[in-house]
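A closer look at the structure
One letter stands for each residue in the lines below.
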Amino acid sequence: VPVKRKKVVDRVKETFFGKIERDTIVRELAYNITVENLKSQTVTIRVMDQIPVSRTDRIAIKDVVLQPKPTSENYENREGVMVWEFTLDPGQQKEIQMAYTATYPKDLQPIGF
């Protein structure tokens with residue numbers, strides 16, 4: 001059962017006004033996760049992924065979009081960890097879409113983006 005995770009959007013929004021450059025970066029990120037059942041029988045799948053969680057007020061994660069809605073959010077009390085559980089028939093494919101906006105200071109490059 002192949003699972004593919006692909007970054008489909010990684011865009012820095014314009015954060016300057018005229019010729020005055022701002023000190024904040026606003027970055028839009030989006031991922032698609034595709035799961036395909038190549039087996040000859042029905043399978044039950046559990047997909048786990050995470051949305052970044054800020055531990056400081058210098059970084060903000062907002063506008064989170066998860067399609068479809070996860071079966072479980074903050075799985076086993078781990079903040080930001082999402083779980084999707086579903087059944088796929090032979091040859092069936094399922095796509096999960098995740099998107100969010102990260103805002104952080106220009107002098108800080110968050111890890112994992």
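Below or above, wherever it landed, is the structure these notes cover. Every value quoted in this text rests on a predicted model; they were computed, and no experiment measured them. (Residues numbered from 1 in each chain as written. Predicted model: local features only at pLDDT ≥ 70, side-chain atom pairs only at ≥ 80, totals over all residues. Heavy atoms only, no water.)

Within the protein chain, the secondary structure is distributed over zero helices and seven strands. Reading the helices (α) and strands (β) of the protein chain from amino to carboxyl end gives β-β-β-β-β-β-β. On the principal axes, the C-alpha backbone points of the protein chain span a range of 60 × 30 × 20 Å. Among the 113 residues that make up the protein chain, the fraction classed as buried is 35%. (Helix = DSSP H or I, 4+ residues; strand = E, 2+ residues; numbered from the N terminus. Buried < 20%, exposed > 50% of the residue type's maximum accessible area, 1.4 Å probe, protein only.)

This part takes up the sheet that holds strand 3 (residues 43-50). One open sheet accounts for three strands, arranged 3-6-5; its pairing is antiparallel. Each having just a single partner strand, strand 3 and strand 5 (72-73) make up the two edges of the open sheet. Where strand 5 lies against strand 6 (residues 81-88), two bridges are found, and the strand directions are antiparallel. Bridging from a neighbouring strand, Ser72 pairs with Val83 of strand 6. (Pairing = 2+ DSSP bridges.)

Take the sheet that holds strand 2 (residues 24-36) next. With antiparallel pairing, four strands are arranged side by side in an open sheet as 1-2-7-4. Edge positions in the sheet fall to strand 1 (3-12) and strand 4 (60-67), since each has one partner strand and no second. Ignoring which end each strand starts from, the neighbouring axes of this sheet average 15° apart. Of the strand pairs in this sheet, strand 2 and strand 7 (residues 93-105) are connected by 13 bridges, and their pairing is antiparallel. Bridge pairing in strand 7 links Thr24 to Pro105. (Axes fitted to C-alpha atoms, helices over the stretch in contact; angles between N-to-C directions.)

Further remarks concern the packing of aromatic side chains. We describe a pair of aromatic rings using the distance from one ring centre to the other and the angle between the two ring planes. In total, this model carries zero aromatic pairs according to the counting rule given. Of note, Arg5 hangs over the ring of Tyr31, and the distance from its end group to the ring centre comes to 4.0 Å. The lysine or arginine in question, Lys94, covers the ring of Phe86, its NZ or CZ lying 5.5 Å from the ring centre. (Phe/Tyr/Trp six-rings, centres within 6.5 Å; stacked < 30°, edge-to-face > 60°. Lys NZ or Arg CZ within 6 Å of the ring centre and 35° of its normal.)

Following the sequence through the fold, Asp107 ends up in the segment after strand 7. Exposure remark for Asp107: the relative accessible area of 66% places this residue in the exposed category. In sequence terms Asp107 and Glu95 are twelve residues apart; their C-alpha atoms lie 35 Å from each other. Within the structure, Asp107 has its side chain in polar contact with the side chain of Arg58 (distance 3.1 Å). (Polar contact = N/O pair within 3.5 Å; in protein donor to acceptor, adjacent residues only side chain to side chain.)

A few words on the pairing of strand 7. Both strand 4 and strand 7 contribute to a ladder of six bridges, which runs antiparallel. The residue bridging Leu66 from the neighbouring strand is Met98, located in strand 7.

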